[in-house]
Amino acid sequence: MVYEHADDTVPYGVLTGDTLFIGDVGRPDLLASIGFTRDELADKLYDSLHTKLLPSPMPPGCSPATAPARRAARTCRPRPSRRSANSEATTTRCSLPTRRPSSISSPRASHRHGLLRLRRHPQPQGTSAARRDLDADGADAGRGREQGRPRRLLLDGRDPEEFARGHLAGSINVGLNGRYAEFAGSVVPSDADIVLVVDEGFEIEARNRLARIGFDKVVGYLAQPLRVMVENPGMVEQASRLTRSEYEERAAALDNLQIVDVRNPGEHALGSLAGATLIPVGQVPSMVDQLDPNRPTVVFCAGGYRSSVAASVLRQAGFSDVSDIIGGYSAWLPAEANA
């Protein structure tokens, strides 16, 4: 509850976190990865709704205060909206576990890591925390493996186009201009020592966005990455990105082309490329064994952001011929659909 003045008895507003959304309630399954049953979690959600939120004094404003809601930039109103947020808010305790949609996506690996970190009450990291400049040797992605220490991982936060033109071998590309923390948390091992590769001046932003999901093992950032790549051409690779016509030419010429759709199941159900295997981007690290690293591989998503993430993960895993599609599946949709 948010109070405008210290002695107010009626709250000014309420921030409901991941418990109450606009037109929906939260997911009662994310803590299942650390030992709770579905019924126990549904009980907790029911109690949060019926013993805390609904009986509380009615504030003039109610905000979910969670990332998707902030992006939507919407506000729900007092009692009518809160009570009609979803039929689950007024359902019975015993029926709540069965009312969640069956199509809901599986929790990402970062959920488990973040939940465990939150239960240990980590200290927040301020913007004044010390930064460590690393040179090419210090940023070596293979360093530490032979000593049994957590591996050092290069996380390149530049846009996919810049990444494709040149990056240090072994880097994973998660663009800082996109859903950086979400997808980094989906594909980066939680025990990795992270080295940031970002444009100058964005090091603290990248580190803090990772810290918010519990990924706080950032050992430093690569100072002047473009200069490092120019001076160390043997450490640099380029990424193959195909236009729609280039992809179609390649698909016609290669009988053994491996096509991977890294969108969500709901997107895939609305249409996909012929012969594509569905592996949502967050599941690529755990399902990489289902793909053949020796076959030429093309990865695509809706627009080209997630496919760059997934393609970089496959290259790091040893796939020798990986491309992704510029513009993603949207390149096959009518122009009015992309307007």
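Residues numbered from 1 in each chain as written. Predicted model: local features only at pLDDT ≥ 70, side-chain atom pairs only at ≥ 80, totals over all residues. Heavy atoms only, no water.

## Points about the sheet that holds strand 5 (residues 133–134)
Alright, step 1. Spatially, five strands are ordered 5-10-9-6-8 in an open sheet, and the strand pairing comes out parallel. Here the strands that pair on one side only, and so sit at the sheet edges, are strand 5 and strand 8 (172–173).
Alright, step 2. Across three bridges, the pairing between strand 9 (residues 193–197) and strand 10 (residues 218–222) is parallel. Bridged to Val 195 within strand 10 is Gly 220.
Alright, step 3. Against the sheet, helix 7 (residues 203–211) touches strand 6 (152–156), strand 9 and strand 10, its axis set at about 145° to strand 9. (Pairing = 2+ DSSP bridges. Helix = DSSP H or I, 4+ residues; strand = E, 2+ residues; numbered from the N terminus. Contact = heavy atoms within 4.5 Å. Axes fitted to C-alpha atoms, helices over the stretch in contact; angles between N-to-C directions.)

## A word on the pattern of salt bridges
Side chains that carry opposite charge are capable of pairing whenever their charged atoms lie near each other.
Alright, step 1. The tally for this structure, following the rule as stated, stands at 11 salt bridges.
Alright, step 2. Across the pair Lys 217 and Asp 193 runs a salt bridge whose closest N-O atoms are separated by 3.6 Å. Placement of Lys 217 in the loop between helix 7 and strand 10 and of Asp 193 in strand 9 is noted, with a sequence separation of 24 residues between them.
Alright, step 3. With a relative accessible area of 30%, Lys 217 lands in the partly exposed category.
Alright, step 4. With a relative accessible area of 16%, Asp 193 lands in the buried category. (Salt bridge = Lys/Arg side-chain N within 4 Å of Asp/Glu carboxyl O. Buried < 20%, exposed > 50% of the residue type's maximum accessible area, 1.4 Å probe, protein only.)

## A look at helix 12 (residues 305–316)
Alright, step 1. The terminal C-alpha atoms of helix 12, which comprises 12 residues, lie 17 Å apart, in line with the 16 Å expected from a rise of 1.5 Å per residue.
Alright, step 2. Of all 12 residues in helix 12, 10 are buried, a share of seventy percent or more.
Alright, step 3. Among the residues of helix 12, Arg 306, Ser 307, Ser 308, Val 309, Ala 310, Ala 311, Ser 312, Val 313, Leu 314 and Arg 315 are the ones counted as buried.
Alright, step 4. Among the residues trailing helix 12, Gly 318 stands out with phi positive, at a value near 105°. (Expected span 1.5 Å × (residues − 1).)

## A closer look at the nonpolar core
Alright, step 1. Ranked by internal contacts, the top residues of the largest apolar core, which has 35 residues, are Leu 155 and Val 174.
Alright, step 2. Elements represented by at least two residues in this core include exactly strand 6, helix 6 (180–187), strand 9, helix 7, helix 11 (284–287) and helix 12.
Alright, step 3. Leaving out residues up to four positions away in the same chain, Val 174 has contacts with Leu 155, Asp 156, Gly 157, Tyr 180, Phe 183, Ala 184, Val 187, Tyr 305 and Val 309.
Alright, step 4. Among the nonpolar cores identified, the runner-up in size contains 11 residues, and Leu 134, Ala 139, Val 195 and Met 229 belong to it. (Core = buried A, V, L, I, M, F, W, Y, C linked by side-chain atoms within 4.5 Å.)

## A closer look at a nonpolar patch on the surface
Alright, step 1. A cluster of nonpolar side chains, Val 2, Tyr 12 and Leu 15, forms an exposed patch at the surface whose accessible area comes to about 300 Å².
Alright, step 2. Relative to the helices and strands, Tyr 12 is located in the segment before strand 1 (13–15). (Patch = residues over 30% accessible without salt bridge, like charges linked within 9 Å, V, L, I, M, F, W, Y side chains within 5 Å. Areas by Shrake-Rupley, 256 points an atom, 1.4 Å probe, with all protein chains shown as cover.)

## What about the environment of His 268?
Alright, step 1. For His 268, the location among the structural elements is in helix 10 (residues 265–269).
Alright, step 2. Separated by 11 residues in sequence, His 268 and Ile 279 have C-alpha atoms that sit 9.9 Å apart.

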